[in-house]
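Take a look at the letters that make up each chain.
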Amino acid sequence: MVERCKILLKGGEGEIVEKKSRFIALTQPVKTEEEALAFIETVKKKYWDARHHCFAYCIGDQNQLQRCSDDGEPSQTAGRPMLEVILGVGVHNLCLVVTRYFGGTLLGTGGLVRAYSGAAKEGLANSTIIEKCLGKRLTITTDYTGVGKIQYLMGQKKIATLDSRYTEKVEIEIMVPVWELETMIKEITETTNGQAVLTEGESQYYGTLNGEVVLL
């Protein structure tokens, strides 16, 4: 299993104009080629009167599936530059479509590459991209005297809290990146002088958006 990678959480839209040609970029999270192809068809129907619908998509934690299309533009001037933008950003599991409304002026191969790359960057800039991490749920049971120390440690480590329960004891459920788990357990044990009880839960992918945990 891949421990971390960037993914598209929410699609977005961007647009640029080059010599009166409009280039409209839309992105969508996808997990399968079928989902990517369905999104491409949706965009084609939305902009049915446009001349070109060029696309690129990458699927898999290691981009095992990569496809792109120039859709009638000169070879290597649209789909491939768009794919290179995606790979350069390092984001996975997304489909990018750039629709062109021809403005009457030929841009040449260099101009097309710049336009499609620019539109792709604009679309991605308006999308929500997060880092997908493999984490482990860890429940910390402690008395009230240990809470402050644990919360301080979590703040230093930027560890996400999933839930907190205050009864006779305090239970704090956190999500720890798998590569930090052993260190985190050791430091919590040392910080509480071995008084905290630690219970490991299931592994799960997650991300953080605006300080909040997003379970994936």
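All values derive from a computational prediction rather than experimental measurement. (Residues numbered from 1 in each chain as written. Predicted model: local features only at pLDDT ≥ 70, side-chain atom pairs only at ≥ 80, totals over all residues. Heavy atoms only, no water.)

Undergrad: Describe the overall build of the protein, listing the residues and the values that go with them.
TA: Regarding its fold elements, the protein presents five helices and 12 strands. In terms of overall dimensions, the protein is more spread out than a globule: its C-alpha atoms have a radius of gyration of 23 Å, far above the 17 Å expected for 216 residues. With the principal axes as the frame, the protein shows a C-alpha extent of 75 × 30 × 30 Å. Per-residue burial over the protein gives 45% buried out of 216 residues. Summarising the internal contacts of the protein: among those between residues at least 6 apart in sequence, 70% fall at separations of at least 24. (Helix = DSSP H or I, 4+ residues; strand = E, 2+ residues; numbered from the N terminus. Rg over C-alpha atoms; globule rule 2.2 N^0.38 Å. Buried < 20%, exposed > 50% of the residue type's maximum accessible area, 1.4 Å probe, protein only. Contact = heavy atoms within 4.5 Å.)

Undergrad: I'd like a rundown of helix α3 (residues 108-125), residues and numbers included.
TA: Note: α-helices contain 3.6 residues per turn, so residues at a spacing of three or four share the same orientation. End to end, α3 covers 26 Å across 18 residues, agreeing with the expected 26 Å (1.5 Å per residue, within 8%). Listed as buried for α3 are Gly-111, Leu-112, Ala-115, Tyr-116, Ser-117, Ala-119, Ala-120, Gly-123 and Leu-124. Elements in contact with the buried residues of α3: β2 (13-18), β3 (21-29), β4 (52-59), α2 (79-89), β7 (94-101) and β8 (128-142). (Expected span 1.5 Å × (residues − 1).)

Undergrad: Describe helix α1 (residues 33-46), listing the residues and the values that go with them.
TA: Helix length check: α1, at 14 residues, gives a terminal C-alpha distance of 20 Å against a target of 20 Å (1.5 Å per residue), a fit within 8%. Of all the residues in α1, the buried ones are Ala-36, Phe-39, Ile-40 and Val-43. Looking straight down α1, one finds that the buried residues subtend no more than 100 degrees of arc, so they occupy a single side. Summarising the geometry of α1, the exposed residues directed more than 90 degrees from the buried face are Glu-34 and Lys-45. (Arc of directions from axis to C-beta.)

Undergrad: Please provide a residue-by-residue account of the nonpolar core, values included.
TA: For soluble globular proteins, the rule of thumb is that nonpolar side chains tend to be buried together. If you look at the biggest cluster of nonpolar residues, it comprises 23 residues, and the most contacted ones within it are Phe-23, Met-82, Ile-86, Leu-96, Val-98 and Tyr-116. Broken down by secondary-structure element, the contributors of at least two residues to this core are β3, β4, α2, β7 and α3. Top element by residues in this core is α3. It accounts for six residues. Counting residues in hydrophobic clusters, the runner-up holds 16 residues, among them Ala-50, Phe-55, Tyr-57 and Cys-95. (Core = buried A, V, L, I, M, F, W, Y, C linked by side-chain atoms within 4.5 Å.)

Undergrad: Could you give an account of the packing of helix α4 (residues 147-157) against helix α5 (residues 181-191), with specific residues and numbers?
TA: In contact at an axis separation of 10 Å, α4 and α5 are set at 150 degrees when each is read in the N-to-C sense. Classified by the angle between their axes, α4 and α5 sit roughly antiparallel to one another. Considering the relative orientation of α4 and α5, their crossing is right-handed. Facing Lys-149, Leu-153, Met-154 and Lys-157 of α4, the residues of α5 in contact are Thr-183, Met-184, Glu-187, Ile-188 and Thr-191. Residue classes in the contact of α4 with α5 are distributed as four nonpolar, two polar and three charged. (Axes fitted to C-alpha atoms, helices over the stretch in contact; angles between N-to-C directions. Parallel < 35°, antiparallel > 145°, perpendicular 65-115°, else oblique. Left-handed = near helix turned anticlockwise from the far one by under 90°. Nonpolar A, V, L, I, M, F, W, Y, C, P; charged D, E, K, R; others polar.)

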